[in-house]
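# A closer look at the structure
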Amino acid sequence: MCAYCGSKILLGGKRLNELRFCNDECSNNGQALTSALVPQISGADVRLLATRIHSGPCPKCSGHGPVDVRVSHQVWSFLLITQWRNVQQVCCRRCAAKSQLGSLCFSVVLGWWGIPWGILMTPVQVGRNLLGLIRPPDPSRPSERLMNLSRLMITERMLLDRQTVSAD
Ligand SMILES: [Zn+2]
Ligand SMILES: [Zn+2]
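Every chain is numbered independently, its residues counted from 1 as its sequence is written. To read the labels, note that chains go from A and ligands from 1, taken in the order they are written. Only residues with pLDDT of at least 70 get local features here, since the model is predicted, and only at 80 or more are side-chain atom pairs given and counted; chain-wide, interface and lining totals rely on the full set of residues. Neither water nor hydrogens contribute to the side-chain values; these are computed over all heavy atoms in the structure.

### Here we look at the overall build of the protein
In plain terms, the rule: The way it works is that DSSP assigns letters per residue, a run of H or I at least four long becomes a helix, a run of E at least two long becomes a strand, and they are numbered from the N terminus. The classification of residues rests on relative accessible area computed with a 1.4 Å probe and restricted to protein chains. Under 20% of the type maximum is buried, over 50% is exposed, and intermediate values are partly exposed.
Of the regular secondary structure elements, the protein holds five helices and four strands. When the helices and strands of the protein are listed from N to C terminus, the series reads β-β-α-α-β-β-α-α-α. The dimensions of the protein, computed from C-alpha atoms along their principal axes, are 55 × 40 × 25 Å. Buried residues in the protein amount to 35% of all 168 residues.

### Thoughts on the pattern of salt bridges
What counts here: When a carboxyl oxygen of Asp or Glu is within 4 Å of a side-chain nitrogen of Lys or Arg, the pair counts as a salt bridge.
Tallied over the full model, the rule gives one salt bridge. For Asp-138, the salt bridge identified is with Arg-141, shortest N-O distance 3.5 Å. Assessed through its relative accessible area of 34%, Asp-138 is described here as partly exposed. The class of Arg-141 is exposed, set by a relative accessible area of 52%.

### Observations concerning the layout of surface pockets
The line we're drawing: Definitions used throughout: a 1 Å grid over protein atoms alone; a cavity as a set of points that fits a 1.4 Å probe which cannot get out; a pocket as an open set with protein on both sides within 12 Å along at least five of seven lines; a lining residue as one with an atom within 4 Å of a point. Grid points are joined across faces, edges and corners, and a volume is the space filled by probe spheres set on the points. Think of it as three bins: nonpolar holds Ala, Val, Leu, Ile, Met, Phe, Trp, Tyr, Cys and Pro, charged holds Asp, Glu, Lys and Arg, and polar takes everything else, Gly as well.
Size it by volume and the largest pocket reaches roughly 360 Å³. Lining the largest pocket are 18 residues, and of these Gly-132, Arg-135, Pro-136, Pro-137 and Arg-145 sit closest to its centre. Residues that form the lining of the largest pocket fall into these classes: eight nonpolar, four polar and six charged.

### Structural notes on the coordination of the zinc ion (ligand 1)
Basically, it comes down to this: Any nitrogen, oxygen or sulfur atom within 2.8 Å of a metal ion counts as a donor, with the limit raised to 3.2 Å for Na, K and Ca, and since water is left out, coordination shells can look unfinished.
Listed as protein donors to the zinc ion (ligand 1) are Cys-2 (SG), Cys-5 (SG), Cys-22 (SG) and Cys-26 (SG); their distances from the metal cover 2.2 to 2.3 Å. All donors of the zinc ion (ligand 1) come from a single chain, and their spacing in sequence reads C-x2-C-x16-C-x3-C. Residue class for Cys-5 comes out partly exposed when judged on its relative accessible area of 41%.

### Focus: the pairing of strand S4 (residues 81-91)
Filter applied, for reference: Two strands pair if DSSP finds at least two bridges between them.
As defined by bridge partners, strand S3 (residues 68-78) adjoins S4 across eleven bridges and the pair is classed as antiparallel. Paired with Ser-77 across the strands is Thr-82, a residue of S4.

### Side note on helix H1 (residues 24-37)
Our working definition: In a helix, the anticipated span is given by 1.5 Å times the number of residues less one. Throughout, the arc means that of the directions going from the helix axis to the C-beta atoms. Contacts described as polar in this section are N or O atom pairs within 3.5 Å, which, within protein, must combine one atom able to donate a hydrogen with one able to accept it, while residues neighboring in sequence count only if both atoms come from side chains.
In this model H1 runs 19 Å from its N-terminal to its C-terminal C-alpha over 14 residues, within 8% of the 20 Å that 1.5 Å per residue would give. Of all the positions in H1, only Cys-26, Ser-27, Gly-30, Thr-34 and Leu-37 are classed as buried. The buried side chains of H1 occupy one side of the element, clustering within an arc of 95° when seen end-on. Of the residues flanking the start of H1, the one acting as N-cap is Asn-23, its side-chain oxygen 3.1 Å from the backbone nitrogen of Glu-25.

### Considering the confidence of the model for the protein
To be explicit about the condition: What pLDDT conveys is the predictor's confidence in a given residue, as a value from 0 to 100.
Per-residue confidence for the protein averages 91 on the pLDDT scale, and 95% of its residues sit at or above 70. The secondary structure element of the protein with the lowest average pLDDT is strand S1 (residues 14-16), at 73, and the one with the highest is helix H3 (residues 93-110), at 98.

Written out as structure tokens, the structure reads:
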């Protein structure tokens, strides 16, 4: 659903952070509205939501937290084509370790086959996964990433609330 006009998005659409918009116009309007809304969001609300997610059950496995935003890193390449991406997930440490290990193996097997980016990016993505495995976010409090995500979730809800109000 478009975060600005509320219409259904079947294919594609524009993405701005985690928000989706149906076209450029909505994306621009949404962006303007978002920057107007964000200063109205109180830091206390953001912290409250982040803390609730952090201490809640894992959305992936329903197991124990702490839950945080955790990133796994992939790269694959073939000849002149190289693609890499960093996948964010809100999950517990065990789920993150699974996807980081999976992404590490994926990249070790499929990363190297392109010049020059495959050869350059494979050690980078493998290293990032290793770092994520060895040094997960501080379990005692929500990370900066989780705080940003919470701020975004509140923004999205404000955008949607505005639609219900204007529809009346
Ligand atoms: Zn729209
Ligand atoms: Zn989990």
